[in-house]
Amino acid sequence: MKLFASTLGAVALATASFAVQAQAAKPDAVKGAATFGQVCVACHAADGNSVLPANPKLAGQFPEYLNQQLQELKSGKRDSAVMKGFASMLSDDDMRNVAHWLGAQKPAAGTSTDKDLVVLGEKIFRGGIPDRQIAACASCHSPNGAGMPAQYPRVSGQHADYTTAQLVAFRDGVRKNSVQMTQVAAKMNDREIKAVSDYMAGLR
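As the structure is a computational prediction, the values presented were derived from the model and not from experiment.

A. Representation of the nonpolar core. Formed by 14 residues in total, the largest nonpolar core has its most connected members in I124, F125, C137, M188, V196, M200 and L203. Secondary-structure elements contributing two or more residues to this core are α7 (115-127) and α11 (190-201). In terms of residue count, the dominant contributor to this core is α11 (four residues). Apart from the residues lying within four places of it in its own chain, the contact partners of F125 are A136, C137, A138, S142, P143, G145, V155, V196, Y199, M200 and L203. With 12 residues, the next largest nonpolar core counts V39, L90, M95 and A99 among its residues.

B. Region of interest: α7. In this model α7 runs 19 Å from its N-terminal to its C-terminal C-alpha over 13 residues, within 8% of the 18 Å that 1.5 Å per residue would give. Within α7 the residues assigned to the buried category are L117, G121, I124 and F125. Burial along α7 is one-sided: seen end-on, the buried residues are contained in an arc of 95 degrees. Facing away from the buried surface of α7 by more than 90 degrees, the exposed residues are K115, V119 and K123. For α7, the N-terminal capping position is held by D114, with its side-chain oxygen 3.1 Å away from the main-chain nitrogen of D116. Count one or two residues on from α7 and you reach G128, which has phi positive near 70 degrees.

C. Structural context of the side chain of N55. Relative to the helices and strands, N55 is located in the loop between α3 (41-44) and α4 (63-75). Residue classification places N55 among the buried positions, given a relative accessible area of 18%. At 3.2 Å, the side chain of N55 and the backbone oxygen of C43 are in polar contact. In this structure, N55 is in contact with C43, H44, S50, H159 and Y162, ignoring residues within four places of it in sequence.

D. Structural view of α4. For α4, with 13 residues, the first-to-last C-alpha span of 18 Å sits near the 18 Å given by 1.5 Å per residue. Along α4, the residues that are buried comprise Y65, L66, Q69, L70, E72 and L73. The arc that holds the buried residues of α4, viewed along the axis, is 165 degrees, so those residues lie on one side. Where α4 is buried, its residues contact α5 (81-87) and α6 (92-103). Just past α4, the residue G76 takes up positive phi, approximately 95 degrees.

E. Region of interest: the packing of aromatic side chains. Under the criterion given, the structure shown has two aromatic pairs. Note on F125 and Y199: the rings are 5.6 Å apart at their centroids and 55 degrees apart in plane angle, and the pair reads as tilted. Of the two residues, F125 sits in helix α7 while Y199 sits in helix α11, which places them 74 residues apart along the sequence. For the residue pair F125 and Y199, the accessibility class agrees, reading buried in each case.

F. Structural view of the confidence of the model for the chain. Averaged over the chain, the pLDDT score is 90; the fraction of residues at 70 or greater is 88%. Note on residues 2-23: pLDDT under 50 across the span, and zero contacts to partners over four residues away in sequence or across chains.

G. Just the packing of helix α9 (residues 160-171) against α11, in detail. As a packed pair, α9 and α11 sit with axes 8 Å apart at the nearest point and diverge in direction by 140 degrees. Judged by the inter-axis angle, α9 sits oblique to α11. Both α9 and α11 take part in a crossing whose hand is right-handed. Along its contact with α9, which presents A160, T163, T164, L167, V168 and R171, the element α11 presents D190, I193, K194, V196, S197, D198, M200 and A201. A class-by-class count of the residues in the contact of α9 with α11 yields seven nonpolar, three polar and four charged.

The rules behind the values
Residues numbered from 1 in each chain as written. Predicted model: local features only at pLDDT ≥ 70, side-chain atom pairs only at ≥ 80, totals over all residues. Heavy atoms only, no water. Core = buried A, V, L, I, M, F, W, Y, C linked by side-chain atoms within 4.5 Å. Buried < 20%, exposed > 50% of the residue type's maximum accessible area, 1.4 Å probe, protein only. Helix = DSSP H or I, 4+ residues; strand = E, 2+ residues; numbered from the N terminus. Contact = heavy atoms within 4.5 Å. Expected span 1.5 Å × (residues − 1). Arc of directions from axis to C-beta. Polar contact = N/O pair within 3.5 Å; in protein donor to acceptor, adjacent residues only side chain to side chain. Phe/Tyr/Trp six-rings, centres within 6.5 Å; stacked < 30°, edge-to-face > 60°. pLDDT = per-residue confidence, 0-100. Axes fitted to C-alpha atoms, helices over the stretch in contact; angles between N-to-C directions. Parallel < 35°, antiparallel > 145°, perpendicular 65-115°, else oblique. Left-handed = near helix turned anticlockwise from the far one by under 90°. Nonpolar A, V, L, I, M, F, W, Y, C, P; charged D, E, K, R; others polar.

Structure (structure tokens):
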């Protein structure tokens, strides 16, 4: 009887501990909004829709992806001198809360601006570059650029300047936190990168 009671007590304790951990891990959007307002708003705007072409729009991005990027910026796996400083200020809970809040914000639409390149950009996005074994961007980021939860980020409406900078960083080995994107970008020239970036900016 004592053994049974002891076992039952241990199970109850483990269950309670799991419940506390699960509750602690649940994102808090209110805290996320507050942290964002303190740490992130100057560069990414009040609703996460940055108006600065060099800074990414974060509104509507998948929380899992945002959380992963913040973790990797903090650890140095993704190299950014500017973002490492900000990410280092955030706890795991802060990152989860901010990512959750951003994911619930409405992303602002973008526009393509280079009419001469948009046709090439669409061709690469939808069909890839077969002779260089470059897969279509749509195969991972979906036909409308909305991405796939927890795997591939939303790219539609993103600033073309930011997307171009990231693709160049992947190609040049500066950004190293995605082997898949490094392999894709390594085969693209500047014109192709600019074209697909501009095309994705106008996707909706």
